[in-house]
Amino acid sequence: MENMFRLIDHDQEAATNRCIWVNGPVIVGAGPSGLATAACLREQNVPFVVLERADCIASLWQKRTYDRLKLHLPKQFCQLPKMPFPESFPEYPTKRQFIDYLESYASRFGISPKFNECVQTARFDETSGLWRVKTVSGAESTRTEVEYICRWLVVATGENAERVMPEIEGLSEFTGEVIHACDYKSGEKFAGKKVLVVGCGNSGMEVSLDLANHLAKPSMVVRSSVHVMPREIMGKSTFELAMKMLKWFPLWLVDKILLVLCWFVLGNIERYGLKRPEMGPMELKSAKGKTPVLDIGALEKIRSGNIDVVPGVKRFNGNRVELVNGEQLDVDSVVLATGYRSNVPYWLQESEFFAKNGFPKTAIGNSGWKGRTGLYAVGFTRRGLSGASMDAVNIAQDIGSVWKLETKQPTKRSTGSLRRCISQQF
Ligand SMILES: Cc1cc2nc3c(=O)[nH]c(=O)nc-3n(C[C@H](O)[C@H](O)[C@H](O)COP(=O)(O)OP(=O)(O)OC[C@H]3O[C@@H](n4cnc5c(N)ncnc54)[C@H](O)[C@@H]3O)c2cc1C
Ligand SMILES: NC(=O)C1=CN([C@@H]2O[C@H](COP(=O)(O)OP(=O)(O)OC[C@H]3O[C@@H](n4cnc5c(N)ncnc54)[C@H](OP(=O)(O)O)[C@@H]3O)[C@@H](O)[C@H]2O)C=CC1
Ligand SMILES: O=C(O)C(=O)Cc1c[nH]c2ccccc12
C-alpha cells in the first residue's frame, strides 16, 4: 500500500506527479450538486476533497450563462440543503443572486475546492478496493498531474458539462460569427443584426427574447416540437402547480390539465410554428429529460413578429442559410442553442452504473444516485436543482453511516484507522 502513495516523478521536464490519499470521498465538480453533497458530508463530519476543472465554484453559472438569466423555477425549488435563500431574494433570483448564495453556501460549510484540476480518468482498483482519480492542472509548461486515491467517488460534473455542437453542412465555412449559447452574454452587440438562433429550448427562447429586446432580428429554428408553458398561470408558478397536482394525480392527468391551462392562457401556439410533442410536458421531462420551455416573454415577441420562427436548417452557404422548406435567409451571426451533454464517458472508466450517454442507468438498484464499489452520482436525475439536493442528502447519509460505523471502533491494523488519518500528500 505504501508504494502506491509515494511521490512519483515520471516526466522530469514538465509534470510533477503526486499521489494523494483522500480521507473520505472525492467529489468531482464544484457546481451546486458538488457543493450540496460537500455541505451534507460536513454535517456528518465526513472529510472530503472537491476537484473542480474551472477556477471558481459554479462555473456553469459564473462563466457559461448570459447576463439577464434568472432562475426559472421559484426559489424554494432551487435552494440547496441546510441553507435557505435569504428572505430578501425575489421569487425568481437573478444569476448574480444565485451565485452570491452559492459563494456564501461554500464558505458557511467550509468548502474549499481544489480549482483548476480537471479529472482525466477515474477507475476502481479491484485489488485495493479503492478509486484512483487522475487530474491535470496548469498550462503545458507547468502541467501537473495528480492521482487521488479514495474509497468513495461522487460524480457531480452535471448534465450540462459540455456543449452540443451540431454538424450542419457548410457551418464551418459560414462567414459570420458562430457561438454556442453558453458564450452568449447579451444582445447589445447584435443590435440591428440578423441572428439565427438554432434550437428552441429554454436557452434558444431566452436568447431570442434578449436579442429582440436589444433590437436585433432573431430567427429561431424549431426543427421538431416544443412544449411552451407560461412561467405563471394566474400569478402562480406553473411548475409549483404541477408539483402540487402530482401529489394527487398521475403524470398523464397532470399533463392533460397543464395543456388545457396552457391553451387558455397562450392559445394555439402551433399557428406560430411551435408544434407540441406527442408526449405531455412533465412526462417528456421525466422520460427523456427534455425540459419544457417556461415562457418569460419570447412568445409575445413571436406574436408581434419580433422573433421569427423558422423550420430546420438544411445547409449554410457563405452568409446564407437554406432551410428544410427551401427558404433562404441572409444572416449575420448564428447562436447555437443546441443544448448540452454529460462528459462522464470521457473520464470515468466504468460501465455498470453509468450508461454510454453519461447518465446513470437508473434501473440498477432502483436508484439514480448509488452505484457499487463506492460510486455515487449527484444531479443526474433530470429534476433540476431540487433533484440534485435530494441526491446530495441521500449520498451523504449513505457514506456518513458507513463512516460512523468504521470510525467508532478503530483498531491499529484495520483500514478504518488508515481512513481516519488526515488527507496526506506523498
Ligand atoms: C442556463 C441554465 C439555467 C438553469 N436554470 C435552472 C433553474 O432555474 N432551476 C433548476 O432547478 N435548474 C436549472 N438548470 C439546471 C442545471 O443543471 C442546474 O442549475 C445546476 O447548475 C446543475 O448543477 P450541477 O452541479 O449538477 O452541474 P454544474 O452546475 O454544471 O456543475 C458541474 C461542475 O463540474 C465541473 N466539471 C465538469 N467536468 C469536470 C471534470 N472532468 N473535472 C473537474 N470538474 C469538472 C464543471 O466545471 C462544473 O463547475 C439550469 C441549467 C442551465 C444550463
Ligand atoms: N432560465 C432558466 O432557468 C434557463 C434554464 N435552462 C435549462 O438548461 C438546460 C439546457 O437547455 P437548452 O440549452 O435550451 O438545451 P435543450 O437541450 O433543452 O434544447 C436544445 C434545443 O436545440 C435543438 N437542436 C439540437 N440540435 C439541433 C440541430 N442540429 N438543428 C436544430 N435544432 C437543434 C433541440 O431540438 P430537438 O428538440 O428537435 O432535438 C432543442 O430545441 C435545460 O434544462 C433548460 O431548462 C436554459 C436556459 C434558461
Ligand atoms: O431548468 C431545468 O433544467 C430543470 O431541470 C428544472 C426542472 C425540473 N423539472 C422541470 C419541469 C418543468 C420545467 C423545469 C423543470
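For clarity, every value in this text was computed on a predicted model and none was experimentally measured.

*Asks:* Sorry if this is basic, but what is going on with the UniProt feature "transmembrane region" (unreviewed entry) in the protein here?
*Replies:* As recorded in UniProt, the sites labelled "transmembrane region" (unreviewed entry) are residues 248-266. Secondary structure over residues 248-266 splits into 84% helix and 0% strand, and the C-alpha atoms at its two ends are 25 Å apart.

*Asks:* When you look at the packing of helix α1 (residues 32-43) against helix α10 (residues 384-408) in this model, what are you seeing that I'm missing?
*Replies:* Two measures define how a pair of helices packs: the angle their axes make with one another and the distance between the axes. At a minimum axis distance of 8 Å, the contact between α1 and α10 shows a crossing angle of 35°. The element α1 and its partner α10 pack so that their crossing is right-handed. Residues Pro-32, Ser-33, Ala-36, Thr-37, Cys-40 and Leu-41 of α1 form the contact with α10, whose participating residues are Leu-385, Ala-388, Ala-392, Val-393, Ile-395, Ala-396 and Ile-399.

*Asks:* Whenever I open this one, the packing of helix α5 (residues 238-246) against helix α6 (residues 251-266) confuses me. Can you help?
*Replies:* Remark: α5 packs on α6, axes separated minimally by 9 Å, with the N-to-C direction vectors making an angle of 145°. Helix-helix and strand crossings are classified by hand; for α5 and α6 the assignment is right-handed. Residue-level contacts link Thr-238, Leu-241, Ala-242, Met-245 and Leu-246 of α5 to Leu-251, Val-254, Ile-257, Leu-258 and Leu-261 of α6. In the contact of α5 with α6, the residues fall into nine nonpolar, one polar and no charged.

*Asks:* Whenever I open this one, the nonpolar core confuses me. Can you help?
*Replies:* For soluble globular proteins, the rule of thumb is that nonpolar side chains tend to be buried together. Tyr-101, Tyr-105 and Ile-111 are the most contacted members of the largest nonpolar core, which has 64 residues in total. At the level of elements, α1, α3 (95-108), β10 (194-198), α4 (202-213), α5, α6 and α10 are the ones that each hand at least two residues to this core. Not counting residues within four places of it along the chain, the set of residues in contact with Ile-111 comprises Leu-35, Ala-38, Ala-39, Arg-42, Phe-48, Val-50 and Ala-106.

The rules behind these values
Residues numbered from 1 in each chain as written. Chains lettered and ligands numbered in written order. Predicted model: local features only at pLDDT ≥ 70, side-chain atom pairs only at ≥ 80, totals over all residues. Heavy atoms only, no water. UniProt positions renumbered as here; feature names shortened; annotations may be inferred. Helix = DSSP H or I, 4+ residues; strand = E, 2+ residues; numbered from the N terminus. Axes fitted to C-alpha atoms, helices over the stretch in contact; angles between N-to-C directions. Left-handed = near helix turned anticlockwise from the far one by under 90°. Contact = heavy atoms within 4.5 Å. Nonpolar A, V, L, I, M, F, W, Y, C, P; charged D, E, K, R; others polar. Core = buried A, V, L, I, M, F, W, Y, C linked by side-chain atoms within 4.5 Å. Buried < 20%, exposed > 50% of the residue type's maximum accessible area, 1.4 Å probe, protein only.

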